[in-house]
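Reading the structure
Chain by chain, the residues run as shown.
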Amino acid sequence: MKPPVKKNTIPIDLKLHNDIRAVERARFAHQVVEKRRLIKQYKMERERQQKLEEQEEIKRLRKDLIPKAQLMPYFDRPFVPRRSEKQPTVPREPRFCIPRHKTIKCCRMSCNDMSGPSQLQHLPSSVEKTEALYKNRVLQ
């Protein structure tokens with residue numbers, strides 16, 4: 001006896017991970033290309049807008065630079081300056097002495113060493129000299 005004839009086997013459609021990954025990768029590559037194209041298009045649009053703005057600004061500047069006639073002044077009303085109501089400034093005497101806290105420590109010591117306190121007392125200060133000169137000028 002012959003064994004019974006078997007039916008042909010139908011192969012199962014296999015879905016390998018490599019195939020799924022290839023489809024996802026193709027989809028991703030398409031998205032990247034589309035994104036780059038949009039960025040390039042946006043840059044071109046922005047450059048075009050910038051060129052248009054620059055051209056309009058140049059036109060506006062050229063229009064502003066056109067010399068225009070100035071109005072003639074009115075000569076029927078002559079200008080008469082008025083006396084100022086402000087008080088004049090009062091001059092101050094200059095301060096020739098250097099404050100002690102602004103002098104250098106080594107200079108203070110050397111000045112004190114060179115001339116003792118007895119010599120400094122009878123010498124007139126620069127402020128006193130200035131006051132004397134000022135009084136002499138005022139009296140003359």
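Okay, the overall build of the chain next. When its secondary structure is counted, the chain shows four helices and zero strands. Starting at the N terminus and walking to the C terminus, you meet the elements of the chain as α-α-α-α. Sorting the 140 residues of the chain into buried and exposed places 1% on the buried side. When the accessible surface of the chain is split by element, carbon and sulfur atoms take 59% of a total near 16,000 Å².

Another point: the pattern of salt bridges. When the charged atoms of two side chains with opposite charge come close together, those side chains can pair. The full count for this structure, using the stated rule, is three salt bridges. Across the salt bridge formed by glutamate 34 and arginine 37, the nearest N and O atoms sit 2.3 Å from each other. Residue glutamate 34 and its partner arginine 37 are both found in helix α1 (residues 17–64); the two are separated by three residues, about one turn of the helix.

On to a nonpolar patch on the surface. Residues Ile12, Leu14 and Leu16 make up a contiguous nonpolar surface patch of about 360 Å² in total accessible area. In this structure, leucine 16 sits in the segment before α1.

All right, on to the confidence of the model for the chain then. For the chain, the mean per-residue pLDDT works out to 81, and 79% of the residues sit at or above 70. Summarising per-element confidence for the chain, the mean pLDDT is lowest in helix α3 (residues 117–122) (46) and highest in α1 (96). Counting interchain partners and residues more than four positions distant, the pLDDT-below-50 stretch residues 110–122 has two contacts.

Quick look at a negative patch on the surface now. Taken together, Glu53, Glu54, Glu56 and Glu57 make up a surface patch of like negative charges. With respect to the element layout, glutamate 53 can be found in helix α1.

The rules behind the values
Residues numbered from 1 in each chain as written. Predicted model: local features only at pLDDT ≥ 70, side-chain atom pairs only at ≥ 80, totals over all residues. Heavy atoms only, no water. Helix = DSSP H or I, 4+ residues; strand = E, 2+ residues; numbered from the N terminus. Buried < 20%, exposed > 50% of the residue type's maximum accessible area, 1.4 Å probe, protein only. Areas by Shrake-Rupley, 256 points an atom, 1.4 Å probe, with all protein chains shown as cover. Salt bridge = Lys/Arg side-chain N within 4 Å of Asp/Glu carboxyl O. Patch = residues over 30% accessible without salt bridge, like charges linked within 9 Å, V, L, I, M, F, W, Y side chains within 5 Å. pLDDT = per-residue confidence, 0-100. Contact = heavy atoms within 4.5 Å. Lys, Arg positive; Asp, Glu negative; His and termini not counted. Charge placed at Lys NZ, Arg CZ, Asp CG, Glu CD.

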